[in-house]
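A structural walkthrough
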Amino acid sequence: MLGTINSWPLAKKMLVAFALIGTLVLGLGINGYVSNKTLSGVATRHVENGITGLSGLTDVLADIRELRIIVYSYYNAATPKDEASLVERRAKGEAKLLADIDAYRKVAGDDFSADVDGLRARATELIAANKTIFDLRAANDLEGAVKAIKGVGKEKSHDAIEAADNLLTRTRERSAKDNEYGEGQTTFALIMTILLSLVSFAGLGGIWLAINRTVANPMAKLTEATTVLAQGGEAEVPSRDRKDELGQIANAVEQFRLGTKARAEADARSAAELRDVMDTLRDTLQALSRGDLTAEITAAYPAAYAELKTNFNEAVTSLRTLIGSVMESTAAINTGSSEIASASEDLARRTEANAASLEETSAAIAQMDERLKAMAGSAGRTVERADGAITTVSGGRAIADEAVQAMTRVADSAKGIDSVIEGLDKIAFQTRVLAMNAAVEAGRAGEAGRGFAVVADLVSALAMRAEEEAGRARDQLTATQTDIVAAVEMVEKVDGALANISGDVSEVHSLLAEMATDNQAQSTAITQISAAIGMMDQGTQQNAAMVEQTSAAARNLSSEVSSLAEQASRFTVGATAARPAMRPAPTPTPSRPAKPVAKKNATYVSPVKALPITTAVASGGDDDWTSF
């Protein structure tokens, strides 16, 4: 069986495996669909015939009881309006009862058709009995109406309720049967699902076992053999007799093993030739490392390395010629660089002396500029403070004016309050007069008006107290008006004082503004002078740095040329032409510089920071500073 499966292509194996898995999944799906459809039918019948039917019958019972209540209410109606309302309610209730019965018929089913017909007949009889009762009550036959209510009305209501209760009981029984059927179908579906799941797990296990034995294990063995071959070992390639893709891979790995073995033998032969070539090349390179540029490769090389021998010998010849030329040129370069270094050092010392003097001048002018700018800034800030003082005084005068206006409005309001107090005084007086009249009338009434007389006395006392409080308020208001007038006078005096202060501060502001303008003009002039000197200082410093760098470069060049000549003399180039003797570099005569000379390879930096150049200043005369 496994041999037959091994002969299948991998695609066919996967197709069979997925077909089996799909069959198992399809079986589970069909079982789930059938079970769900059955349970859905049970649930639909339960909802439509059970829950909806019970709800409809409950509405029918409620309609019957509502009609019974309407009949009793109509009999006891007190007004024609209530009677008309109850007649309308009876008509709507009867129509709703018949409509609810017809609605229940749609969900009752054919087996309940006769019972629904009976319920409708009982409802029709109840409607007729209610009509009889209403007609008797409308004819004012109260006794006949009472008999009808307790007789035929009660009987027909009970018959209708009984018919509805019977249908309700049967509907509940049918719902119980549907529930039992649904539970049975649920149990059956669960059992089938479990059985199909077990079958599916068993099928998946068989598929996994077949794939593991026919694909996974042979692939692992082939992978192990491939790993051994990749590491350079020897291994037997398995599964070469298979007819599927795994057998093709195994045959390809076998071809790879045979090819690798052949390449290893060829690499061994190449390694022997390379070893001979490297030995000869190593000996020649050792001679070159000792400075012997006459050493060349003379041994015979294989054809594959003949070009290497030719290129190496040509490179050694070119290098020998180059070193000879370098040795001849270093002497001439050394003499010229020594002379340049001596001249550059003399020029650097003179330039440094000039730069030091110019730096001191620039620093002094910079200090003067900073002090003038500080004075101008202080004057400006003083003017700003004076402006703030003027603004503050102006604000104070405005606030004083607002205070005067506010106090004037308070005085006007006090006058209004005075008129209100006068009105309250008049009201209190009139209240006292009314209280006296009430007391007189109470006296005329005798014993019956005694209580009213007490109230009149209390009202009169309250009116007198109101007059007293009004008088006190008038006195307090008069005192307040006097204080307001005094406060207005004091605020006006404060406003006058603020006006005098504002005038004095304005004069101070004018004087400070003139001082600030003069300081600013002086600061501008000093700034222009400082900028010009700064440009001169910057140019001198740059010249000094350039000369120092030139001198350092010349010294470095002389040193490097000497080092290069020393290194080149280590090489053996065979027969060479006569070389000019290297003259020693002249030693410059030291002179005492104005400032310490900068160290070798160092850039000259001024101790005073150059001022920023803001504007171009024309220098006097036709002097060209760039030629300094």
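Remember, it's a predicted structure, so these values are computed and weren't measured experimentally.

So, on to the overall build of the protein chain. A tally of helices and strands in the protein chain yields eight helices and zero strands. Walking the protein chain from its N terminus toward its C terminus, one meets helices and strands in the order α-α-α-α-α-α-α-α. Scored against the burial criterion, the 628 residues of the protein chain give a buried share of 28%. Within the protein chain, counting contacts between residues at least 6 apart in sequence, those at least 24 apart form 80% of the total. Accessible surface for the protein chain amounts to roughly 39200 Å². Of this, 60% is attributable to carbon and sulfur atoms.

This next bit is on the packing of helix H3 (residues 80-108) against helix H4 (residues 113-138). Where H3 meets H4, the axes come as close as 10 Å, and the angle between the chain directions of the two elements is 175°. Looking at the two axes, H3 sits roughly antiparallel to H4. Note on element contacts: H4 touches H3 through Ser 113, Val 116, Asp 117, Leu 119, Arg 120, Ala 123, Ile 127, Asn 130, Lys 131, Phe 134 and Arg 137, opposite Glu 83, Leu 86, Val 87, Arg 90, Glu 94, Leu 97, Leu 98, Ile 101, Asp 102, Tyr 104, Arg 105 and Ala 108. Here the contact of H3 with H4 is composed, by residue class, of 12 nonpolar, two polar and nine charged.

It is worth spelling out the pattern of salt bridges at this point. Throughout the structure, instances matching the rule amount to 13 salt bridges. Arg 89 is paired through a salt bridge with Glu 66; the nearest N and O atoms lie 2.6 Å apart. Placement of Arg 89 in helix H3 and of Glu 66 in helix H2 (residues 10-75) is noted, with a sequence separation of 23 residues between them. Overall, the relative accessible area of 37% leaves Arg 89 in the partly exposed class.

Detailed reading of the predicted coordinates is not advisable wherever pLDDT falls low. For the protein chain, per-residue confidence averages 74 on the pLDDT scale, and 84% of positions sit at 70 or higher. Ranking the elements of the protein chain by mean pLDDT puts helix H1 (residues 2-7) last, at 64, and H4 first, at 88.

In terms of nonpolar packing, the biggest core is built from 30 residues, with Tyr 104 and Leu 119 touching the most fellow members. Listing elements by their share of this core, those giving two or more residues are H2, H3, H4 and helix H5 (142-230). Filtering out sequence-adjacent residues up to four positions away, Leu 119 remains in contact with Leu 57, Val 60, Ile 101, Ala 160, Ala 163, Ala 164 and Leu 167. In this structure, Leu 281, Ile 297, Tyr 301 and Val 316 belong to the second largest nonpolar core, which totals eight residues.

Right, let's get into the packing of H4 against H5. One way to put it is that H4 packs onto H5 with a least axis distance of 9 Å and a crossing angle of 165°. Here H5 runs roughly antiparallel to H4, going by the angle between their axes. Crossing hand, H4 versus H5: left-handed. Considered class by class, the residues forming the contact of H4 with H5 number 15 nonpolar, three polar and seven charged.

To describe a pair of aromatic rings, one takes the distance between the centres and the angle between the planes. In total, this model carries one aromatic pair according to the counting rule given. For the pair Tyr 74 and Phe 134, a centre-to-centre distance of 4.0 Å together with 15° between the ring planes defines the contact as stacked. Separated by 60 residues along the polypeptide, Tyr 74 in helix H2 and Phe 134 in helix H4 bring together distant segments of the chain. A relative accessible area of 4% means that Phe 134 is categorised as buried.

Looking at the element boundaries, Asp 401 is found in helix H7 (residues 306-445). Exposure remark for Asp 401: the relative accessible area of 42% places this residue in the partly exposed category.

Turning our attention to H3. Over its 29 residues, H3 runs 42 Å from end to end, which matches the ideal 42 Å to within 8%, given 1.5 Å per residue. Of the positions making up H3, those classed as buried are Leu 86, Arg 90, Gly 93, Glu 94, Leu 97, Asp 100, Ile 101, Tyr 104, Val 107 and Ala 108. Remark: Gly 109 follows H3 within two positions and exhibits a positive phi of approximately 95°.

Moving on, we get to the environment of Glu 560. Secondary-structure assignment places Glu 560 in helix H8 (residues 450-568). Separated by 230 residues in the primary sequence, Glu 560 and Thr 330 place their C-alpha atoms 9.4 Å from one another.

Its 26 residues give H4 an end-to-end C-alpha distance of 37 Å, which sits within 8% of 38 Å, the value for a rise of 1.5 Å per residue. Taken residue by residue, H4 has Val 116, Leu 119, Ala 123, Leu 126, Ile 127, Ala 129, Asn 130, Ile 133, Phe 134 and Arg 137 as its buried positions. Looking one or two places after H4, you find Asn 140, whose phi comes out positive at around 60°.

For residues other than glycine, phi is negative in most cases, and the peptide bonds are mostly trans. Even without glycine at this site, Asn 140 takes up a positive phi of about 60°. As for its position among the elements, Asn 140 is in the loop between H4 and H5.

Turning our eyes to something else, we now look at the side chain of Arg 137. Take Arg 137: it is sitting in helix H4. In this view, Arg 137 contacts Tyr 74, Tyr 75, Ala 77, Glu 83, Leu 142 and Ala 145; residues no more than four positions away in its chain are not counted.

Moving on, we get to a nonpolar patch on the surface. Among the surface-exposed residues, Leu 190, Ile 191, Ile 194, Leu 195 and Leu 198 lie close enough to one another that they form a single nonpolar patch of about 480 Å² accessible area. Owing to a relative accessible area of 53%, Leu 198 belongs among the exposed residues under this scheme.

Thresholds, definitions, all that
- Residues numbered from 1 in each chain as written.
- Predicted model: local features only at pLDDT ≥ 70, side-chain atom pairs only at ≥ 80, totals over all residues.
- Heavy atoms only, no water.
- Helix = DSSP H or I, 4+ residues; strand = E, 2+ residues; numbered from the N terminus.
- Buried < 20%, exposed > 50% of the residue type's maximum accessible area, 1.4 Å probe, protein only.
- Contact = heavy atoms within 4.5 Å.
- Areas by Shrake-Rupley, 256 points an atom, 1.4 Å probe, with all protein chains shown as cover.
- Axes fitted to C-alpha atoms, helices over the stretch in contact; angles between N-to-C directions.
- Parallel < 35°, antiparallel > 145°, perpendicular 65-115°, else oblique.
- Nonpolar A, V, L, I, M, F, W, Y, C, P; charged D, E, K, R; others polar.
- Salt bridge = Lys/Arg side-chain N within 4 Å of Asp/Glu carboxyl O.
- pLDDT = per-residue confidence, 0-100.
- Core = buried A, V, L, I, M, F, W, Y, C linked by side-chain atoms within 4.5 Å.
- Left-handed = near helix turned anticlockwise from the far one by under 90°.
- Phe/Tyr/Trp six-rings, centres within 6.5 Å; stacked < 30°, edge-to-face > 60°.
- Expected span 1.5 Å × (residues − 1).
- Patch = residues over 30% accessible without salt bridge, like charges linked within 9 Å, V, L, I, M, F, W, Y side chains within 5 Å.

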